[in-house]
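Overview (structure and organization)
What follows is each chain in one-letter form.
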Protein chains: 2
Amino acid sequence: MANVQSALEWLESNEDAAFQRLCDWLRIPSVSTDPEFNAETRRAAEWAKDHLEASGLDVRLVETGAPDAPGHPIVLAESPGSGDGPHILFYGHYDVQPPDPIEGWRTGPFDPVIESVEGTSDRKVVARGACDDKGQVASFLEALRAWKEAGAEPAGGVRFTVLLEGEEESGSVNLEHFLETHAQNLSKCDVCVISDTAMLAPGRPAITYGVRGIAYTEVTLHASDQDLHSGSWGGKVPNPISELTKVLSKLWDGDRKIQIPGFYAAVREIEPVERTNWENLGVDAAASLRGIGLGPEANVGEAGYSFLEREWGRPTAEINGIWGGYTGAGAKTVIPTHASAKVSFRLVADQDPDDIRDKFFAWLESNTPEGCRWETTDLHGGPPATVSTDSEMLSTAASAIEKAAGVKPELIKTGGSIPVAGLLKSRLGLETIFMGFGLETDRVHSPNEEFRLSCFSLGARSHIMFIDALRG
Amino acid sequence: MANVQSALEWLESNEDAAFQRLCDWLRIPSVSTDPEFNAETRRAAEWAKDHLEASGLDVRLVETGAPDAPGHPIVLAESPGSGDGPHILFYGHYDVQPPDPIEGWRTGPFDPVIESVEGTSDRKVVARGACDDKGQVASFLEALRAWKEAGAEPAGGVRFTVLLEGEEESGSVNLEHFLETHAQNLSKCDVCVISDTAMLAPGRPAITYGVRGIAYTEVTLHASDQDLHSGSWGGKVPNPISELTKVLSKLWDGDRKIQIPGFYAAVREIEPVERTNWENLGVDAAASLRGIGLGPEANVGEAGYSFLEREWGRPTAEINGIWGGYTGAGAKTVIPTHASAKVSFRLVADQDPDDIRDKFFAWLESNTPEGCRWETTDLHGGPPATVSTDSEMLSTAASAIEKAAGVKPELIKTGGSIPVAGLLKSRLGLETIFMGFGLETDRVHSPNEEFRLSCFSLGARSHIMFIDALRG
């Protein structure tokens, strides 16, 4: 009879091979937001299917989207386990962010390299998706493999449904429909487990009990129907770039409070006990800022809230991209026809992405510069999610992480968004446990994204321990 | 003995061939601001050299720049004329603006097509540089040719120095040095003639007596040393795009007065007589706006000044380009390391481009967002120029245009910048006469730039008449 010791031993002696398997996955550029990578994105799904099948699960790719707007497939796997024990839904995603800006990478974004971590005996893999989310999902895949190799039934005999999405980085546009059409099967699950969040710091594992929501838009301000010479027309007509900067700059007041009417109406205030708990975590804002090349004076944000509170408990507005006019080398004296920006909002409970998007677009309309008009696009949205911190399943997960790490995990939140958690709660009544093993310094969404071998290994051990606890 | 009638007749019977010759020149993509086009830019200079030589002038290409920063050659031609008559410096440029945005063109920017002008019997050529400045220069080149073909001495026996620059659209960075090193020869000239401005309207030819100056800069705001995930970092640190929009939006107050301290200090107020004269020109702002797809509500600019006054008599600040973060398809939740803008100022007498640039950069520094730093670049500058309206030479030019057009030319200004005029005045004490034949609707610097055959022909006839008057 296989036991947890055999699974852990197999993992330990196969760690390098497992890390190399992750590299194979990272070599597939599954950039879901860019149609140019559609074939590669599918190949990344097939890679995961093969991996899960090798661990004895029943796997299929479920197509998504409509014939005129095909989506990326969902990898759906079931362990053949039966019995009265808990049924776990594991969610992850196999797609990755675009590698832009390419020039920021030391090595090719899809050409993973393993480097040592300065000042430690640890190593890390550098590639797009290294942490988010291939590396974290791979730690779970290797846990399944470890139980299989140790001679156990697939997934150690625990009932698992594994759902790997290919559109997390492009707005999960087909996920809601999938959840609705698979509601009957998915609602058999007792809880969802997601590995797509971070630890508090190296050596300080964590369980995340809240994620922010998001509303992501693209807005374009149009003026004349032709590019204009700024000599002949400068000072006579609206310049859409200048006007766009004027409007967007009004998103915040001097205290960095967002000025869209009703924006804060549904915001749940941070509870006093949370403020105290977070304060006690001893997060060093200055050290965090140093890590990204900034001094303590860069600790700026909404007035009245601390560094951590602004990430975990408060909504934000960000301009993620802006473009208009001449952006090449040298000078071109043009007043262009239009200027555009990507504007996103991170949301907290109980803000609703659709409501915020509507309020933003209405605010833009009410601030339309004379002689101009708006074109607005909703790129995607996802609700915030806060989960219960006193469930039995969360205690089981915390205990598994403690056995794997040797220390109790912290209870934290994250400023990131994992829209599926909100959907699972609202559509299926399912709670989520975020067991994440990334680090704040992993450069997620940036050039030179990385994932440490120690994190990968801790993730796999934690999942092995969690499965062991569930085997009953 | 050749007379003006023979020259005019030759022109009339060779108009189509002359327009086709212009098309040959327009096929050469002499985009001076982009080094990729360096070879083509030189080819455009050689084309002009051949044309001038065929009219009997002595021509050479004068190299510019330094060995480590080579410039585009200046075409320098001299007519062999002698005697006591006036010596004219003709200035033009053979380089063109970049064709961006390429997608705005109905046909290739360097693939000139001749189309009919709707509602008239006129025709027009559509291509980058059609008007600015190849078309206008070509009208002068064909006037020289007409005198030659009519059997006269080169340039009708008038002493001409022809200076065609290849860097007008990229800041004339080597022109000042050229003027200094050729000061002795150039100071023999009595006046400069430039064909690079517009008429008031079709059928309303004009002489321009003032151009605006320019200061053109590129500014970049830097924050973190790596791209950040807007989930983990949004609300905690400065976002350089958001901060850049906040700073640039403060360039203007609600009356669109520029807020840089001292910006208006050297500005000469528009004289009451000018206000009256301009008002009497009967320019229809609503019609101008309709021509670029805008309604009358788009007549916006500095409070207290009319549509025409804002172009001809007031300085402006414009953002000609802006870029930062993710600008591709779909969504990317990034806070980038930096964001950039091209910011230019149109200047009026007696503003100084270097002074305005210094004041702008100082204003940026004093508005540096917390945790950020600026990188600033001066791309180029040129002084404003206002010329005397009561000189004998200007009367001669006006009379030549009247003979060619059948109506007296209007005395107007332009919002564009022709830096050479200010340089000639300050370095050589030379006045300039702007005899321009473009139209406001020529889409100069925009896709589908055009030049009408009637304008081309009027320009050539006017130059023939001007030369005739100078033959004495």
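Higher on the page you've got the structure.
About the criteria used
Residues numbered from 1 in each chain as written. Chains lettered and ligands numbered in written order. Predicted model: local features only at pLDDT ≥ 70, side-chain atom pairs only at ≥ 80, totals over all residues. Heavy atoms only, no water. Helix = DSSP H or I, 4+ residues; strand = E, 2+ residues; numbered from the N terminus. Buried < 20%, exposed > 50% of the residue type's maximum accessible area, 1.4 Å probe, protein only. Areas by Shrake-Rupley, 256 points an atom, 1.4 Å probe, with all protein chains shown as cover. Lys, Arg positive; Asp, Glu negative; His and termini not counted. Charge placed at Lys NZ, Arg CZ, Asp CG, Glu CD. Phe/Tyr/Trp six-rings, centres within 6.5 Å; stacked < 30°, edge-to-face > 60°. Axes fitted to C-alpha atoms, helices over the stretch in contact; angles between N-to-C directions. Parallel < 35°, antiparallel > 145°, perpendicular 65-115°, else oblique. Left-handed = near helix turned anticlockwise from the far one by under 90°. Contact = heavy atoms within 4.5 Å. Nonpolar A, V, L, I, M, F, W, Y, C, P; charged D, E, K, R; others polar. Buried area = accessible area lost by both parts, 1.4 Å probe. Salt bridge = Lys/Arg side-chain N within 4 Å of Asp/Glu carboxyl O. Pairing = 2+ DSSP bridges. Least-squares fit on C-alpha atoms with pLDDT ≥ 70 in both. Expected span 1.5 Å × (residues − 1). Polar contact = N/O pair within 3.5 Å; in protein donor to acceptor, adjacent residues only side chain to side chain. Disulfide = S-S within 2.5 Å.

1. A short note on the overall build of chain A
- Scanning chain A from terminus to terminus reveals 15 helices and 21 strands.
- In terms of overall dimensions, chain A has C-alpha extents of about 85 × 50 × 50 Å along its principal axes.
- Per-residue burial for chain A yields a buried fraction of 62% across its 472 residues.
- A total of about 16,800 Å² of accessible surface is found on chain A, and carbon and sulfur atoms cover 46% of it.
- Across chain A, the 42 positively charged side chains and the 71 negatively charged ones have centroids separated by 2 Å.

2. With respect to the packing of aromatic side chains
Residue and element names in this part refer to chain A.
- Applying the stated criterion to the full structure yields 22 aromatic pairs over all chains.
- The interplanar angle of 15 degrees and the centroid separation of 4.8 Å between the aromatic rings of tryptophan 25 and tryptophan 47 together place this pair among those described as stacked. Of the two residues, tryptophan 25 is situated in helix H2 (residues 15-26) and tryptophan 47 in helix H3 (residues 38-54); the sequence distance between them amounts to 22 residues.
- Tryptophan 25 sits in the buried class, given a relative accessible area of 0%.

3. Concerning the packing of helix H3 (residues 38-54) of chain B against helix H4 (residues 134-149) of chain B
Residues and elements named next belong to chain B.
- At their nearest, the axes of H3 and H4 sit 9 Å apart, and the two run at 25 degrees to each other. Our classification of the angle between H3 and H4 gives roughly parallel. Crossing of H3 against H4: the hand is left-handed. Side by side, H3 and H4 meet where Ala44, Trp47, His51, Leu52 and Ala54 of the first sit next to Lys134, Leu141, Glu142, Leu144, Arg145 and Lys148 of the second.
- Along the lines of polarity and charge, the residues of the contact of H3 with H4 split into 6 nonpolar, 1 polar and 4 charged.

4. Notes on the interface of chain A and chain B
- With 85 residues of chain A at the contact, the number on the chain B side is 85 residues.
- At the boundary of chain A with chain B, total buried surface from both sides reaches about 7,300 Å², with 54% on carbon and sulfur atoms.
- Remark: the boundary between chain A and chain B carries 6 salt bridges.
- Between arginine 256 of chain B and glutamate 243 of chain A there is a salt bridge; the shortest N-O distance is 2.7 Å.
- In terms of residues, the side of chain A that touches chain B owes the most to one element, strand S14 (residues 316-325) of chain A, which gives 9 residues.
- Here the side of chain A that touches chain B is composed, by residue class, of 29 nonpolar, 35 polar and 21 charged.
- Bridge count between S14 of chain A and strand S14 (residues 316-325) of chain B: 5 bridges; the pairing is antiparallel. Counterpart to glycine 324 of chain A in the pairing with S14 of chain B is isoleucine 322 of chain B.

5. Digging into the relation of the copies chain A and chain B
- At an RMSD of 0.0 Å, chain A and chain B line up after a rotation of 180 degrees and a shift of 0.0 Å along the axis. Such a combination of rotation and displacement between the chain copies is what one expects of a two-fold axis.
- The fraction of interface residues of chain A whose copies in chain B are also interface residues reaches 100%, indicating that both copies meet through the same surface.

6. Section: the packing of helix H13 (residues 392-405) of chain A against helix H15 (residues 453-471) of chain A
Residue and element names in this part refer to chain A.
- Taken N-terminus to C-terminus, the directions of H13 and H15 make an angle of 130 degrees; their axes are 8 Å apart at the nearest point. Put simply, H13 runs oblique to H15. Every pair of crossing elements has a handedness; the one defined by H13 and H15 is right-handed. Together, Met393, Thr396, Ala397, Ala400, Ile401, Lys403, Ala404 and Ala405 of H13 and Leu458, Arg461, Ser462, Met465, Phe466, Ala469 and Leu470 of H15 make up the contact between the two elements.

7. Observations regarding helix H4 (residues 134-149) of chain A
Residue and element names in this part refer to chain A.
- Helix length check: H4 (16 residues) gives 21 Å between terminal C-alpha atoms against 22 Å at 1.5 Å per residue, within 8%.
- Counting buried residues along H4, 14 of its 16 residues qualify, which places the element largely inside the surrounding structure.
- Immediately beyond the C-terminal end of H4, within one or two residues, lies glycine 151, with a positive phi of roughly 95 degrees.

8. Describing the side chain of glutamate 449 of chain B
Residues and elements named next belong to chain B.
- One can find glutamate 449 in the loop between strand S20 (432-436) and strand S21 (450-452).
- The exposure class of glutamate 449 is buried, given its relative accessible area of 1%.
- Separated by 2.8 Å, the side chain of glutamate 449 and the backbone nitrogen of aspartate 132 make a polar contact.
- Every residue in contact with glutamate 449, bar those within four places of it in the chain, is listed here: Trp105, Val125, Val126, Ala127, Arg128, Gly129, Ala130, Cys131, Asp132, Asp442, Arg443 and Val444.

9. Observations regarding the environment of phenylalanine 456 of chain B
Residues and elements named next belong to chain B.
- As for its position among the elements, phenylalanine 456 is in helix H15 (residues 453-471).
- Residue phenylalanine 456 is classed as buried on the basis of its relative accessible area of 1%.
- Residues phenylalanine 456 and alanine 421 lie 35 residues apart in sequence; the distance between their C-alpha atoms is 23 Å.

10. So, the pairing of strand S12 (residues 213-222) of chain B
Residues and elements named next belong to chain B.
- Along S12, 10 of the 10 residues are buried, which leaves the element largely enclosed by surrounding structure.
- Side chains Gly213, Ala215, Thr217, Val219 and Leu221 of S12 all project onto a buried face; the interleaved residues Ile214, Tyr216, Glu218, Thr220 and His222 project onto the opposite face, where all are buried too.
- Bridge analysis of S12 against strand S16 (residues 338-347) gives 10 bridges, and the strand direction is antiparallel. Considered in S16, the bridge of histidine 222 is made with histidine 338.
- One ladder, built from 9 bridges, connects S12 with strand S17 (residues 373-382); its direction is antiparallel. Opposite threonine 217, over in S17, you have aspartate 378 as the bridge partner.

11. Remarks on the state of the cysteines
- A complete count under the given rule lists 0 disulfides over all chains for this structure.
- In this model cysteine 189 of chain A remains outside any disulfide bridge; the closest cysteine sulfur is found in cysteine 192 of chain A, 8.1 Å from its own.
- Relative accessible area serves as the criterion here: at 5%, cysteine 189 of chain A is assigned to the buried category.
- Looking at the unpaired cysteine 455 of chain B, the closest cysteine sulfur is the one in cysteine 131 of chain B, lying at 7.7 Å.
- Judged by relative accessible area, cysteine 455 of chain B falls into the buried class, the value being 2%.

12. Notes on the sheet that holds strand S9 (residues 191-194) of chain B
All names here are of chain B.
- If you trace the 8 strands from one edge of the open sheet to the other, you get S1-S4-S8-S5-S9-S20-S10-S19, paired in mixed fashion. This sheet does not close on itself; its edge strands, each paired only once, are strand S1 (58-62) and strand S19 (410-412). On average, adjacent strands in this sheet sit at an angle of 25 degrees to one another, irrespective of strand direction.
- Direction of pairing for strand S4 (residues 74-78) relative to strand S8 (residues 159-165): antiparallel, over a ladder of 4 bridges.

13. Focus on the pattern of salt bridges
- If you walk through the whole model with that rule in mind, you get 58 salt bridges over all chains.
- Residue aspartate 24 of chain A pairs with arginine 27 of chain A through a salt bridge whose shortest N-O separation is 2.8 Å.
- Taking relative accessible area as the criterion, arginine 27 of chain A reaches 37% and is therefore assigned partly exposed.
- A salt bridge links lysine 257 of chain B to glutamate 302 of chain B; the shortest N-O distance between them is 2.8 Å. Taken together, the residues span a long stretch of sequence, with lysine 257 of chain B in the loop between helix H8 (240-249) and helix H9 (272-280) and glutamate 302 of chain B in the loop between helix H10 (285-291) and helix H11 (307-312) at a distance of 45 residues.
- The exposure class assigned to glutamate 302 of chain B is buried, which follows from its relative accessible area of 6%.
- Three or more residues joined by partner-sharing salt bridges are found here, namely Lys257, Glu269, Glu302 and Arg314 of chain A.

14. Remarks on unusual backbone geometry
- For the bond from aspartate 132 of chain B to aspartate 133 of chain B, the omega torsion is 0 degrees, close enough to zero to count as cis.
- Considering the arrangement of structural elements, one finds aspartate 133 of chain B in the loop between strand S7 (123-126) and H4.
- Along the chain, alanine 349 of chain B connects to aspartate 350 of chain B via a cis peptide bond; the corresponding omega equals 0 degrees.
- Considering the arrangement of structural elements, one finds aspartate 350 of chain B in the loop between S16 and helix H12 (353-366).
- The phi angle at histidine 445 of chain A is positive, at roughly 70 degrees, despite the residue not being glycine.
- Following the sequence through the fold, histidine 445 of chain A ends up in the loop between strand S20 (432-436) and strand S21 (450-452).

15. Thoughts on the sheet that holds strand S6 (residues 113-116) of chain A
Residue and element names in this part refer to chain A.
- Read across the sheet, 3 strands follow the order S6-S7-S21 without closing on themselves; strand pairing throughout is antiparallel. Unpaired on one side and paired on the other, S6 and S21 mark the two borders of the sheet. Within this sheet the neighbouring strands show an average axis-to-axis angle of 30 degrees, counted without direction.
- For S6 and strand S7 (residues 123-126), the ladder comprises 4 bridges, and the chain directions are antiparallel.

16. Here's the deal with the environment of aspartate 358 of chain A
Residues and elements named next belong to chain A.
- Topologically, aspartate 358 is positioned in helix H12 (residues 353-366).
- Owing to a relative accessible area of 43%, aspartate 358 belongs among the partly exposed residues under this scheme.
- For the pair formed by aspartate 358 and serine 230, sequence separation is 128 residues and the distance between their alpha carbons is 35 Å.
- A polar contact is formed between the side chain of aspartate 358 and the side chain of arginine 357, at a distance of 3.1 Å.

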